[in-house]
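Chains, contacts and geometry: an overview
For reference, the chains in residue letters:
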Amino acid sequence: MLYVRFRAAGTEAAPGERTYTGLLGLLAEFSPVIEALPPDAALVDVGGALRYFGRDAAGIAALVRVRALARYDVDCTIGVAANPLLARMAAHDPAPGEAIRTVPDDPDEVGAFLARKPAAALYGVGQATARTLSAYGLDSVGRIAAAPPAALQRILGASAGRRVLERARGIDPAFVTPNAPARSLGAEHRFDHDELDPDHRRRALLTLAHELGTRLRTDGQVARSLTLTVRYADRSTTTRSRVLPEPTAHTPALTAAAYALHASLALQRARVRGVSLRAEGLMPAELASHQLTFDPADEKSRRIEAAADRARARFGAGAVRPAGTLRAA
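To keep things clear, this report deals only with the structure shown in the data block.

What counts and what doesn't
- Residues numbered from 1 in each chain as written.
- Predicted model: local features only at pLDDT ≥ 70, side-chain atom pairs only at ≥ 80, totals over all residues.
- Heavy atoms only, no water.
- Helix = DSSP H or I, 4+ residues; strand = E, 2+ residues; numbered from the N terminus.
- Rg over C-alpha atoms; globule rule 2.2 N^0.38 Å.
- Buried < 20%, exposed > 50% of the residue type's maximum accessible area, 1.4 Å probe, protein only.
- Contact = heavy atoms within 4.5 Å.
- Areas by Shrake-Rupley, 256 points an atom, 1.4 Å probe, with all protein chains shown as cover.
- Lys, Arg positive; Asp, Glu negative; His and termini not counted.
- Charge placed at Lys NZ, Arg CZ, Asp CG, Glu CD.
- Patch = residues over 30% accessible without salt bridge, like charges linked within 9 Å, V, L, I, M, F, W, Y side chains within 5 Å.
- Salt bridge = Lys/Arg side-chain N within 4 Å of Asp/Glu carboxyl O.
- Phe/Tyr/Trp six-rings, centres within 6.5 Å; stacked < 30°, edge-to-face > 60°.
- Lys NZ or Arg CZ within 6 Å of the ring centre and 35° of its normal.
- Pairing = 2+ DSSP bridges.

Things to note about the overall build of the protein
Helix and strand content of the protein: twelve helices and ten strands. For 329 residues, the compact-globule formula gives about 20 Å, and the C-alpha radius of gyration of the protein, at 22 Å, lands near that figure. By principal-axis analysis of the C-alpha atoms, the protein measures approximately 60 × 50 × 40 Å. Out of the 329 residues belonging to the protein, those deemed buried represent 42%. Sequence-distant contacts, at least 24 apart, represent 67% of the contacts inside the protein between residues at least 6 apart. Accessible surface, the protein: about 17200 Å² in total, of which carbon and sulfur atoms supply 53%. Of the side-chain charges in the protein, 43 are positive and 35 negative, and the distance between the mean point of each set is 3 Å.

Notes on the environment of Thr132
Relative to the helices and strands, Thr132 resides in helix H6 (residues 127-135). Each C-alpha atom of the pair Thr132 and Leu156 lies 8.4 Å from the other, and the pair is 24 residues apart in sequence. Setting aside chain neighbours within four positions, we find Thr132 in contact with Ile155 and Leu156.

A look at a negative patch on the surface
A cluster of acidic residues, Asp105, Asp106, Asp108 and Glu109, forms a negative patch at the surface. A relative accessible area of 71% places Asp105 in the exposed class.

A closer look at the packing of aromatic side chains
All told, the structure shown has three aromatic pairs when counted by the stated rule. When the ring of Phe6 is compared with that of Tyr20, the centres are 6.3 Å apart and the planes differ by 75°; the resulting orientation is edge-to-face. Taken together, the residues Phe6 in strand E1 (residues 2-8) and Tyr20 in helix H1 (residues 17-28) connect sequence positions 14 residues apart. The class for Phe6 is buried, based on a relative accessible area of 1%. Taken together, the ring pairs connect Phe30, Tyr52 and Phe53 into an aromatic cluster. Against the face of Tyr123 rests Arg88, its NZ or CZ located 3.9 Å from the ring centre. Over the aromatic face of Phe113 sits the side chain of Lys117, whose NZ or CZ is 4.4 Å from the ring centroid.

Things to note about the environment of Ala209
With respect to the helices, strands and loops of the structure, Ala209 is situated in helix H10 (residues 198-219). For the pair Ala209 and Ser276, spaced 67 residues apart in the sequence, the C-alpha separation amounts to 9.6 Å. Not counting the four nearest positions on each side in its chain, Ala209 is found in contact with Thr251, Leu254, Thr255 and Leu277.

A look at unusual backbone geometry
At the junction of Pro38 and Pro39, the peptide bond is cis and its omega measures out at 15° in the coordinates. With respect to the helices and strands, Pro39 occurs in the loop between strand E2 (34-37) and strand E3 (41-44). Positive phi is not limited to glycine here, since Asp73 has a value of about 55°. Among the structural elements, Asp73 can be located in the loop between helix H3 (57-72) and strand E4 (74-80). Residue Ala266 is not a glycine yet carries a positive backbone phi of 50°. Relative to the assigned elements, Ala266 resides in the loop between helix H11 (251-264) and strand E9 (272-280).

Let's talk about the pairing of strand E7 (residues 221-232)
In terms of burial, E7 is a largely internal element, eleven of the twelve residues being buried. Summarising the sheet, E7 and strand E10 (residues 283-284) pair through two bridges and their orientation is antiparallel. In the strand pairing of E10, Gln221 is matched with Pro284. Direction of pairing for E7 relative to strand E8 (residues 237-248): antiparallel, over a ladder of eight bridges. Considered in E8, the bridge of Leu226 is made with Arg242. Connecting the antiparallel pair E7 and E8 is a turn made up of four residues, with Arg235 showing a positive phi of about 75°. Two elements, E7 and E9, share eight bridges in a ladder whose sense is antiparallel.

See the structure below:
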């Protein structure tokens, strides 16, 4: 199992949409079982390719990395493991100077790999859940793995407690689910320094939602869901997604969803390097339904938005922008 993270060579930037599509084609040279994880990652089950290429999974990972660099000038960080959970965690925690991290399929090796990681390093455990676990002394994956199942279920609930315990022990029953990358639009903001102020992060999200809304309406598209990715000073990331109440390209709706996703992370004093938003599940606007409302403010907002779009089309993208994106004098 490979978890592949793509980065433009020499940077931390994700590849563009066209390049990402090409990279998925590169992975298809090694296996047809690929789960696209836009905008910058993919899971690949290479079990059927080992004999054909005469290499183990780490050897195939090395081939993937060389070809990505040669064809697309894209570097890869690749996790190699027996299941998606461990492969994902290995890719996000490579050894110093190594782009490929392998977790052997051995219970002792898996335990050693996981033991000292903080609770938040477990995929699916957010900052809020990690703080709850830490309040009970379960601040590392090793301690979570050793905790009685009943204790975790009391702390997190029955379902979440079982799931977190399984992951802390390196158990992941999930399979790679082949899919086509959903058509999407993304926008990213990188701060000049590690940003601690939540108001500044919200201002960046407002700008990104405004940009996505404008691009969607220009293309005659609406989005079914929105994904927020937060990148921290230590280069780790957190990603959260939310299905929108209805497919939309309306900037206030996108902004509200972005703010809600940001609030759900409970970042508080987190050192944030950058944020990105991705509108996913795109479909033609004429095929989407819109819930009628008797609220005159909503109709007025949409008329103003249409007028602003016409102004931008005539005078340029910077002709109209939200007042909230401007810094106070």
